[in-house]
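Listed below are the residues making up each chain.
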Amino acid sequence: MPGHRPDVAAKAVTGEADAVVIDLEDAVPADRKAEARVGAFQTLAEGPAKPVWVRVNPMSSDLTADDVRAVAHPALSGVRLAKTESTDEVTELAELLSRAGCEPAVQCLIESALGLERAFDLASHPAVVGIGLGEADLAADLGASDDLGLLYARSRCVAAARAAGLAPPPQSVWTDVGDLDGLRESTRRGRSLGFFGRSAVHPRQVPVIHDAMRPSAGEVAHARALVEALRHAEERGERAVVLPDGRFADPAVVERARRILALAECHPERVGP
């Protein structure tokens, strides 16, 4: 939500999203940056009932330090750093957060070819708790004209996050607010690539994202069968098992099943038909 619209952010905090990002960067006109900082702090000071992050301007600008000082508040869950390209930028931002009395929790937005090449290094920085793609800027930098041109970048982002021990990254925004069918299909493809969750730019997108990301009842049933089958195999001193339908399962396969069950237990209302 744009920082200069605290009324809109307040609605988002009470909506269906799992977290809210207050934007101080691209969604805010240059002459309203100071107003956006005040609005972001107002949202944080109202004691939001869910995690609130703030996307700050890139370290290459002269705005980041003012952004951090303005939104320093105990309710701040962390900071999204736009257009991240180096670990030095992350270190500088972490120091700004620490000096402001905030936890140095940073999510790096990778929006250039250089940032993409350094994805694992960025993900491995001790202050980084997550990475993600800013696909509009990245596509422009790469000269990519469609989804196929971003396939490598998406897989690279997922692999870098997992290799660094981070949670699967959230998928980038779907900018065509009116095309909910396209959003649903894109989100399902993102889930198959290893993304988990997705950024939304309009409240109407949130239930579509939840629906596309949630496991189906069939997936949950299969996951339970996998976990149970492997448990019995381990009791027999075996490390793998062949299921009745002929599929082979080992601990690596079952780990994904456990993640599906964990999601189903946390959000039973999101288990699909």
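Everything below is about the structure shown above.
In this report, the structure presented in the accompanying data block is examined.

Rules used in this analysis
Residues numbered from 1 in each chain as written. Predicted model: local features only at pLDDT ≥ 70, side-chain atom pairs only at ≥ 80, totals over all residues. Heavy atoms only, no water. 1 Å grid on protein atoms, 1.4 Å probe; cavity = no way out; pocket = protein on both sides within 12 Å on 5 of 7 lines; lining within 4 Å. Points joined across faces, edges and corners; volume = space filled by probe spheres on them. Helix = DSSP H or I, 4+ residues; strand = E, 2+ residues; numbered from the N terminus. Nonpolar A, V, L, I, M, F, W, Y, C, P; charged D, E, K, R; others polar. Buried < 20%, exposed > 50% of the residue type's maximum accessible area, 1.4 Å probe, protein only. Pairing = 2+ DSSP bridges. Right-handed = clockwise from strand over helix to strand, strands pointing away.

1. Observations regarding the layout of surface pockets
- Considering only enclosed or pocket space, the second largest pocket measures out at about 380 Å³ in volume.
- Pro168, Phe195, Phe196, Arg256 and Arg259 are, among the 13 residues lining the second largest pocket, the residues nearest its centre.
- Elements that contribute at least two residues to the lining of the second largest pocket include exactly α8 (151–163) and α12 (251–266).
- Sorting elements by how many residues they give to the lining of the second largest pocket places α12 first, with four residues.
- When grouped by side-chain class, the residues that make up the lining of the second largest pocket number eight nonpolar, one polar and four charged.

2. A short note on unusual backbone geometry
- Positive phi, close to 55°, is recorded for Lys83, a residue that is not glycine.
- Residue position: Lys83 is located in the loop between β3 (76–81) and α4 (87–99).

3. Digging into the pairing of strand β2 (residues 52–56)
- Taken across its five residues, β2 has five buried, putting it largely inside the fold.
- In this sheet, β2 lies alongside strand β1 (residues 20–23) in parallel orientation, the contact comprising four bridges. Across the sheet, residue Ile22 finds its bridge partner in β2, namely Val54.
- A crossover connection joins β1 to the parallel β2 through helix α2 (residues 33–45); in handedness this β-α-β unit is right-handed.
- The pairing of β2 with β3 spans five bridges and is classified as parallel. The residue bridging Val56 from the neighbouring strand is Leu81, located in β3.
- The parallel pair β2 and β3, bridged by helix α3 (residues 64–71), forms a crossover whose chirality is right-handed.

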